Amino acid sequence: LVRRRSSHRTFERLEDRTLLATFSVNSTSDADDLAAGDGVCATAAGECTLRAAIREANAVAAAHRIEFDIAGPAPHTIAPASALPAVTASNLVIDATTEPDFGGQPASPRAVALDGGSLMGFPFGLDIQASNVTVRGLAIHNFGNAGLSIRSPVFSPIFNTVIEGCFLGTDP
């Protein structure tokens, strides 16, 4: 007597997964993203700027990271020509310690600086309007308003925002 095994296989459904989107800033220029929401941080020149990375992170519905890999020796100064877009994406990490020139904690100079010295008026440097945001290793200075703002535009609480290893309001 020969028994045949059933060829019917069952599969277990797994939970939905969302891939982490990582945008690598490779330019200190201030150009905007060419097509926000397409999942690619790229200006018309093919670069990924901080402005473009924030715009793309805000448009993509996923957890994401903004990392830095800017060519040339540090410090790398990003001087926006106008206010940067507010950070409205939850579950975002902006991590300047990923810059290859980053010298470590805490006394070494920052490799990436956000300088608002050329801006008119009173814009914020980074305007965080979402929960679960981490900003790490940036020097933020020379802004007419706060260099870093954590606020809700709709009066709802913002949770789990972490600022670590940053120089705020001082020279890099």
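Quick word on the environment of Gly72
Here Gly72 lies in the loop between strand E2 (64-68) and strand E3 (76-78). According to the relative accessible area criterion, Gly72 is partly exposed, its value standing at 43%. Spatially, the C-alpha atoms of Gly72 and Pro100 are 9.9 Å apart, while their sequence positions differ by 28 residues.

Notes on the side chain of Gln129
Relative to the assigned elements, Gln129 resides in the loop between strand E6 (126-128) and strand E7 (133-136). Within the structure, the side chain of Gln129 is placed 2.9 Å from the side chain of Asp127, a separation counted as a polar contact. Filtering out sequence-adjacent residues up to four positions away, Gln129 remains in contact with Ala86, Val87, Thr88, Arg151, Pro153 and Ile158.

Brief notes about unusual backbone geometry
That bond from Ala74 to Pro75 is cis: its omega, 5°, falls within 30 degrees of zero. Tracing the chain through its elements places Pro75 in the loop between E2 and E3. Its identity is not glycine, yet Asn91 carries a phi of approximately 60°, on the positive side. Along the chain, Asn91 turns up in the loop between E3 and strand E4 (92-95). The phi torsion at Asn132 lies on the positive side, around 60°, for a residue other than glycine. Mapped onto the elements, Asn132 comes out in the loop between E6 and E7. Assessed through its relative accessible area of 31%, Asn132 is described here as partly exposed.

Some details on a nonpolar patch on the surface
Taken together, the side chains of Ile150, Ile163 and Leu168 define a hydrophobic patch exposed on the protein surface, amounting to about 230 Å² of accessible area. Positionally, Ile163 belongs in strand E10 (residues 162-164). Here Ile163 falls in the partly exposed class, since its relative accessible area comes to 32%.

Focus on the sheet that holds E2
Pairing is parallel across the open sheet formed by five strands, whose spatial order is E1-E2-E4-E7-E10. The sheet is open, and its two edges are formed by strand E1 (21-25) and E10, each paired on a single side. Averaged over all adjacent pairs, the angle separating strand axes in this sheet is 10°, with direction ignored. Bridge count for E1 against E2 is five bridges, and the pairing is parallel. Counted as the bridge partner of Thr22 is Arg65 from E2. Sheet contacts for helix H1 (residues 50-59): E1, E2 and E4; angle to E2, the most-contacted strand, approximately 170°.

Overview of the pattern of salt bridges
Pairing is possible between side chains that carry opposite charge, provided their charged atoms lie close to one another. Here the structure, examined in full by the defined rule, presents seven salt bridges. The salt bridge involving Arg65 is made with Asp95; its shortest N-O contact spans 3.1 Å. Taken together, the positions of Arg65 in strand E2 and Asp95 in strand E4 put the pair 30 residues apart, joining distant regions of the chain. Accessibility assignment for this pair places Arg65 and Asp95 in one class, buried. Between Asp95 and Arg136 there is a salt bridge whose closest N-O contact spans 2.9 Å. Taken as a pair, Asp95 in strand E4 and Arg136 in strand E7 lie far apart in primary sequence, 41 residues in all.

About the thresholds
Residues numbered from 1 in each chain as written. Predicted model: local features only at pLDDT ≥ 70, side-chain atom pairs only at ≥ 80, totals over all residues. Heavy atoms only, no water. Helix = DSSP H or I, 4+ residues; strand = E, 2+ residues; numbered from the N terminus. Buried < 20%, exposed > 50% of the residue type's maximum accessible area, 1.4 Å probe, protein only. Polar contact = N/O pair within 3.5 Å; in protein donor to acceptor, adjacent residues only side chain to side chain. Contact = heavy atoms within 4.5 Å. Patch = residues over 30% accessible without salt bridge, like charges linked within 9 Å, V, L, I, M, F, W, Y side chains within 5 Å. Areas by Shrake-Rupley, 256 points an atom, 1.4 Å probe, with all protein chains shown as cover. Salt bridge = Lys/Arg side-chain N within 4 Å of Asp/Glu carboxyl O. Pairing = 2+ DSSP bridges. Axes fitted to C-alpha atoms, helices over the stretch in contact; angles between N-to-C directions.

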